[in-house]
Amino acid sequence: TELTMAMRVDMALVVMMACMPCAYGFATGGRFGVSGFAGGCIARVAPRSAVVRAIRDSRHAVRSLQQAVCVSDYDILKDLRVNSVSSDVESAVVKNTGRQLVVLLTHFGDLSSWEYVQQLRFALPALKEKGVEVVAVGIGGKEAAKKFAKLNAFPEELLYYDENGQCCAAMGCSPGFGRSSPLQAQTNGVSPYLRLLPMLVGLGSPGTLQKVIYGYFGDRSWEPLWIKAQLAQTATGSFPYVEPEMFDKVGTGYLRPFELATVRLQNMIGILNNWFDLIPTNADLVVQQGATLVLENGSTLYKFEDKGILVYGGEKGVRSIEDVLSKALS
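Residues numbered from 1 in each chain as written. Predicted model: local features only at pLDDT ≥ 70, side-chain atom pairs only at ≥ 80, totals over all residues. Heavy atoms only, no water.

(A) Region of the structure containing the environment of Glu 133. Inspection of the secondary structure assignment puts Glu 133 in strand 4 (residues 133-139). The class for Glu 133 is partly exposed, based on a relative accessible area of 27%. C-alpha separation for the pair Glu 133 and Val 102, spaced 31 residues apart in sequence, amounts to 8.2 Å. Once residues lying within four places of it in the same chain are set aside, the contact partners of Glu 133 are Lys 95, Arg 99, Gln 100 and Leu 101. There is a polar contact of 3.3 Å between the side chain of Glu 133 and the side chain of Gln 100. (Helix = DSSP H or I, 4+ residues; strand = E, 2+ residues; numbered from the N terminus. Buried < 20%, exposed > 50% of the residue type's maximum accessible area, 1.4 Å probe, protein only. Contact = heavy atoms within 4.5 Å. Polar contact = N/O pair within 3.5 Å; in protein donor to acceptor, adjacent residues only side chain to side chain.)

The following block contains the structure:
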């Protein structure tokens, strides 16, 4: 009967939440979950706020709990607050009215964050015209965020800072190579900075090496206008700050060899020159990954959790932002 089913759901959820510390080991096998729940019974299970708190306790329990009790991305993020870089006013990350493009960036000294906002900046006029609210949240403090905004010419009023990476933790985003959870301090003695090195070649960061190589070879099926705009903005006439027309020698109308790699080299120089001004106080967070959400009145239209360095926005990395923008603008 409906009552019996509701009682079984109640009991199963209580056991699941009570056993949360044990769920991690089981979840890593990829099979943790609860099946057979009637969606209509969720209102009987537990207060939604209690479910959300339970979800934040463990990255590996997020998906299983979401599947079991239908907790939305909006519900997970709605009570979190981040600070505006322009005003320092505390603001909600998400809202349940209108369309939002919510980008949970990695830290302010990460290649993925730089490349992401450079594409966002180019698309801002189209997003504004369609009434899409852009919320870009980076990991780190206020001064790091202001430096990041200045170096990337990104509007401070659209940028927010999250000192402890609470948003990424709540969403259950990948904690990065050598970390077991976004919420727990790293227990081994390996420097977080040393953990970045294997990530750059794909260890604990699947797809990164391919995305790096992609930047050198070009792509005849894609013409990223934002790269031309970025090169034009930074051009000084000396390498690597070259005019975009330099690449016209090998053709036009597509991503030319070394074109994207040149932008990435510029970004790397900018990051290294300002490294200690950009990184979060909690060094463990330099390997924390982020996520992308497109929300309509609180409902998720698009979602992707970063897999690793340069694997952001979608499986195709840098090319995925076209898909993100298409969904946001549709």
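On we go from here.
(B) Representation of the packing of aromatic side chains in the model. Taken as a whole and assessed by the stated rule, the structure comprises four aromatic pairs. Summarising the aromatic geometry, the rings of Trp 114 and Phe 148 are spaced 6.4 Å apart at their centres and angled 75° between planes, so their arrangement reads as edge-to-face. Residue Trp 114 is found in helix 6 (residues 111-129), and its partner Phe 148 is found in helix 7 (residues 142-151); the two are separated by 34 residues along the sequence. In this structure, Trp 114 and Phe 148 share a single accessibility class: buried. (Phe/Tyr/Trp six-rings, centres within 6.5 Å; stacked < 30°, edge-to-face > 60°.)

(C) How the structure looks around the pattern of salt bridges. Enumeration over the complete set of coordinates arrives at 15 salt bridges. Of the charged contacts, one joins Lys 142 and Asp 88 as a salt bridge, the two residues approaching to 3.9 Å between their closest N and O atoms. Placement of the pair is Lys 142 in helix 7 and Asp 88 in the loop between strand 1 (81-84) and strand 2 (90-92), with a sequence separation of 54 residues. Classification of Lys 142 by relative accessible area gives partly exposed; the value is 29%. We note a salt bridge from Lys 95 to Glu 133, for which the minimum N-O separation is 3.0 Å. Of this pair, Lys 95 sits in the loop between strand 2 and strand 3 (99-107) while Glu 133 sits in strand 4, and the two are 38 residues apart along the sequence. Via salt bridges that share partners, Asp 73, Lys 303 and Glu 305 belong to a single interconnected network. (Salt bridge = Lys/Arg side-chain N within 4 Å of Asp/Glu carboxyl O.)

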